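These are the residues of each chain, in order.
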Amino acid sequence: MCKLRWALSVVCLYSVGAWAQGAPQVFVSTGSAGTIYSLNPANGSLTQLVYTQGADYEGMVVAPDNAVADLPPADPAGTTHYLVYVCDTANSRIWRFDPTAPATLERIYNGGALQNPQCGRITSTGDLVVSSTVAGSGLWVFSGITNVALGSGVQTPTHLIGVSGSSEGIAQKNIGD
């Protein structure tokens, strides 16, 4: 465990990471450098998955891909098929991709009322909840996004609640509520 902590602190200074049960790697973003890496905690290898010039990838969340009907729910190693959701806060966009095929980077939000999104959490019902750094904007939800097939394109979020200041993080109970 110390080896992994050391690798993250050295390689990913000023970065954001996401991990999911069953995911064989940790995902690390470089913020305004526009790069997302995969870190294999077993051997410390780092692989570039995504690079987008001008992107500001500041938040990520890993979630099961519930729309994939032709895959078994779990392979013999116990992993599930999942997608990575990432917020490009400076450009007010949200993307998702299959980490086994990162060329499938898909924009699911392209600006509008939700500005400067900070990727938050996936609920137990498969909703993506995000916050905004814009004062008064608050929380937004992409209902049932984990059931929407990759390649479905831009989705419309619902505004849940405004907050007086800017919000830059979301926490949830460990059971996904």
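Note that the structure is predicted; figures quoted are calculated from it, not measured.

Novice: Explain the environment of Gln53 here, please?
Specialist: Within the secondary structure layout, Gln53 lies in the loop between strand 4 (46-51) and strand 5 (57-64). Classification of Gln53 by relative accessible area gives exposed; the value is 71%.

Novice: I keep staring at the pairing of strand 6 (residues 82-88) and nothing clicks. Help me out?
Specialist: Regular strands place side chains that alternate from one sheet face to the opposite one. Strand 6 sits mainly inside the fold: 7 of its 7 residues count as buried. Sheet topology places strand 5 next to strand 6; 7 bridges connect them, and they run antiparallel. Along strand 6, the bridge assignment pairs Ala63 with Leu83. Pairing geometry for strand 6 and strand 7 (residues 93-98), over 5 bridges, is antiparallel. Bridging from a neighbouring strand, Val84 pairs with Phe97 of strand 7. Where strand 6 hands over to strand 7, the hairpin turn is made up of 4 residues, of which Ser92 adopts a positive phi near 55°.

Novice: Would you explain the sheet that holds strand 12 (residues 158-161) in this entry?
Specialist: Within a sheet, adjacent strands bond to each other through the backbone by hydrogen bonds, running parallel or antiparallel. Within the open sheet, the 4 strands sit side by side as 9-10-11-12. Their pairing is antiparallel. Two strands lie at the open edges of the sheet, namely strand 9 (117-122) and strand 12, each paired on one side alone. Here the average twist between neighbouring strands, direction ignored, is 30°. Note that strand 10 (residues 128-132) and strand 11 (residues 139-142) share 4 bridges and pair antiparallel. Across the sheet, residue Val130 finds its bridge partner in strand 11, namely Trp140.

Novice: Help me understand the pairing of strand 4, please; the structure alone is not making it clear to me.
Specialist: Alignment of strand 3 (residues 35-39) against strand 4, held across 5 bridges, turns out to be antiparallel. By the bridge assignment for strand 4, Tyr37 is matched with Gln48. Hairpin connection of strand 3 to strand 4: 6 residues between the antiparallel strands, including Gly44 at a positive phi of 75°.

Novice: Would you mind going over the confidence of the model for the protein with me for this structure?
Specialist: The predicted coordinates should not be examined in detail at positions where pLDDT is low. Taken over all residues, the pLDDT of the protein has a mean of 77, while the share at 70 or more is 71%. For the protein, per-element mean pLDDT is lowest for helix 1 (residues 2-11), which scores 34, and highest for strand 7, which scores 93. This stretch, residues 1-15, has a pLDDT under 50; its non-local contacts, to residues over four places away or in other chains, come to 12 contacts.

Novice: Got a minute to help me understand the side chain of Ser29 in this structure?
Specialist: Here Ser29 lies in strand 2 (residues 26-29). Judged by relative accessible area, which is 0%, Ser29 ranks as buried. One polar contact links the side chain of Ser29 to the main-chain carbonyl oxygen of Tyr57, over a distance of 2.9 Å.

Novice: I'm lost on a nonpolar patch on the surface in this one. Help?
Specialist: On the surface, Leu160, Ile161 and Val163 cluster together into a nonpolar patch covering about 240 Å² of accessible area. Along the chain, Val163 falls in the segment after strand 12. Owing to a relative accessible area of 32%, Val163 belongs among the partly exposed residues under this scheme.

Novice: Sorry, what's going on with the pattern of salt bridges here?
Specialist: Here the idea is simple: oppositely charged side chains can pair when their charged atoms come close. The final tally for this structure, using the stated rule, is 1 salt bridge. Ionic pairing is found between Glu106 and Arg96, a salt bridge with its closest N-O pair at 2.8 Å. In this pair, Glu106 is assigned in strand 8 (residues 101-110) and Arg96 in strand 7, connecting sequence segments 10 residues apart. The residues Glu106 and Arg96 share a single accessibility class, namely buried.

What counts, and at which threshold
Residues numbered from 1 in each chain as written. Predicted model: local features only at pLDDT ≥ 70, side-chain atom pairs only at ≥ 80, totals over all residues. Heavy atoms only, no water. Helix = DSSP H or I, 4+ residues; strand = E, 2+ residues; numbered from the N terminus. Buried < 20%, exposed > 50% of the residue type's maximum accessible area, 1.4 Å probe, protein only. Pairing = 2+ DSSP bridges. Axes fitted to C-alpha atoms, helices over the stretch in contact; angles between N-to-C directions. pLDDT = per-residue confidence, 0-100. Contact = heavy atoms within 4.5 Å. Polar contact = N/O pair within 3.5 Å; in protein donor to acceptor, adjacent residues only side chain to side chain. Patch = residues over 30% accessible without salt bridge, like charges linked within 9 Å, V, L, I, M, F, W, Y side chains within 5 Å. Areas by Shrake-Rupley, 256 points an atom, 1.4 Å probe, with all protein chains shown as cover. Salt bridge = Lys/Arg side-chain N within 4 Å of Asp/Glu carboxyl O.

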